[in-house]
Amino acid sequence: MERLLRIDRRYLFALVALAVTIPLLIRFDLPVPATKEVKGIYDKIDSLPEGSHILIAFDYDPASKEELQPMAIALLHHCFRNNIKVVGMTLYPGGPGLADRAITETGKQYGKVNGEDYVFLGFKTGFELVMINMGENIYSAFPKDFHGNSTVGMPALEGIQSLEDFGFVIDLASGSTIEAWIAFGKEKYNFDLGAGCTAVIGPDMYPFLQSKQITGLMSGLKGAAEYEVLIGHEAHAVAGMSPQSVVHLLIVLFVLVGNFLYFMSGRSKI
Amino acid sequence: MNFLKRTIPLIIAFTMGVMMSLQYYVPHEVSQSLLKGVTRWGITIAGFAVFIGAYSLFHLHWTKIKRKHPGWGYSIFVFFGAGITIFLGLHNGGEGFWQNKQEGTMFDWMYFNVQVPAGATMFSILAFFMASAAYRTFRARTNEATILLVAAVIVMLGRVPVGALIWEYLPPIADWIMSVPNMAAKRGILIGVSIGAIATSLKIIFGIERAYLGGGD
């Protein structure tokens, strides 16, 4: 018992590595039904008329790419397919590369033109201050886009003066930006806000869901997978559900076996 | 000196704090114009924080190298990595930093082939440590720990597709845990944190809390 309790952690690491690798090599599909939180975002975007504007804040950096980039790509597919104009931005200095690539490459698949059908405004430091500035005047916050083009008169921003002119705003967050978007954006400038976040942040967002301060929530890779299923474009997130399921099962097994050995060894009585 | 270092910052904090608190409730044009001006000032000041951050980072690691602290060799990589990145960023594919950002530069290559995989690797290492901790330390020692453990197992299984295959009621139970007990606890914490933030803000505005002024003379 004692030997098993003190097992070299590298054996555990090897089991986790196998739990991730094997389902990637031997593919098996699992059903991914959409939850009402994810459907809230899908329904909102689906209800927007053609030519509406949506603002996507790519508030994450490479460390959270695996969870949030599939979400961003799924959202972009939905927007471009429905002929909705996409405006992107980020409050994270490490975010522009990922955001620009996601918008440009997805836009290309639908024949969308930069500056006309979408625009990526780039990074701006200041968090809440940027949100307030965008709420007052978007051209004051971003006089130029990521590629240095002037935003004034840009067709992709036609009809947009401030945050309240957007049909929908979505924050894809790996930090505390969703709360900031609620307090300094939505509550002040009155627009519909949706959120996508890493699985770790997900539980923190439920109070805002219940109070309807966010229209919907995508949490972690599972949230992204649900969105991919909803739009009928199953890609990275759906593929990631099999290894994630197996690793979750393995961790539950670790918890149960660890506790069983702990109580059987008599350590609990010490 | 005390007047410059203490009194003036306190006056600025008090004036701006009171003014911006009241501004929120005044929809007049002058008030909106003030907000616009102040936020632009704020963004400009925040931009300069990068210099303080860079100075602090380099100073810390230079001291480690100079004093040969344990692991000082890693600090060399900070200068190496930051130096190359800053150089390539300013180089901007040969066009210089004063030009618009160029496409397909070495800076982009570094971002997609070094920073992106390195960031993803760092984050994914967490899964291995969590698995190890689940086996070694997550114990049902007390009633509270047992409740936590049972909830964790249900949520972990209920939030992945395989949960429904094990037992069809697992996902709804996991959803209930998230939407009711979790939400209630999070809301309680949120209200507590918000009241704390308001209290701290008032203490700063009225000069009771002065830690932000720094110590020393």
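Residues numbered from 1 in each chain as written. Chains lettered and ligands numbered in written order. Predicted model: local features only at pLDDT ≥ 70, side-chain atom pairs only at ≥ 80, totals over all residues.

**What about the overall build of chain A?**
Next up, step 1: From N to C terminus, chain A includes 12 helices and 6 strands.
Next up, step 2: C-alpha atoms of chain A, sized along the principal axes, occupy 70 × 40 × 30 Å.
Next up, step 3: The buried share of chain A, taken over its 270 residues, is 52%.
Next up, step 4: For chain A, the proportion of contacts with a sequence separation of at least 24, taken over those separated by at least 6, is 74%. (Helix = DSSP H or I, 4+ residues; strand = E, 2+ residues; numbered from the N terminus. Buried ≥ 20, exposed ≤ 12 C-beta atoms within 10 Å, placed from the backbone. Contact = placed C-beta atoms within 7 Å.)

**Description of the nonpolar core**
Next up, step 1: Within the largest apolar cluster, 84 residues are counted, with the highest numbers of intra-cluster contacts made by Ile-54, Ile-56, Ala-72 and Leu-172 of chain A.
Next up, step 2: Examining the composition of this core, we find that 9 residues originate from one element, helix H4 (residues 65-81) of chain A, more than from any other.
Next up, step 3: Core analysis: the next-biggest nonpolar cluster, separate from the first, contains 12 residues, Leu-12, Val-247 and Val-255 of chain A together with Ala-131 of chain B among them. (Core = buried A, V, L, I, M, F, W, Y, C linked by C-beta atoms within 7 Å.)

**Observations regarding the domain arrangement of chain A**
Next up, step 1: One can read the domain layout of chain A as domain 1 (2-27 + 246-269) and domain 2 (36-238).
Next up, step 2: Measuring from the centre of the C-alpha atoms in domain 1 of chain A to the corresponding centre in domain 2 of chain A gives 38 Å. (Domains from an automatic or database assignment.)

**Focus: the environment of Ile-8 of chain B**
All names here are of chain B.
Next up, step 1: Positionally, Ile-8 belongs in helix H1 (residues 2-23).
Next up, step 2: The exposure class assigned to Ile-8 is exposed, which follows from the 11 C-beta atoms found within 10 Å.
Next up, step 3: In this structure the C-alpha to C-alpha distance between Ile-8 and Leu-57, which are 49 residues apart in sequence, comes to 29 Å.

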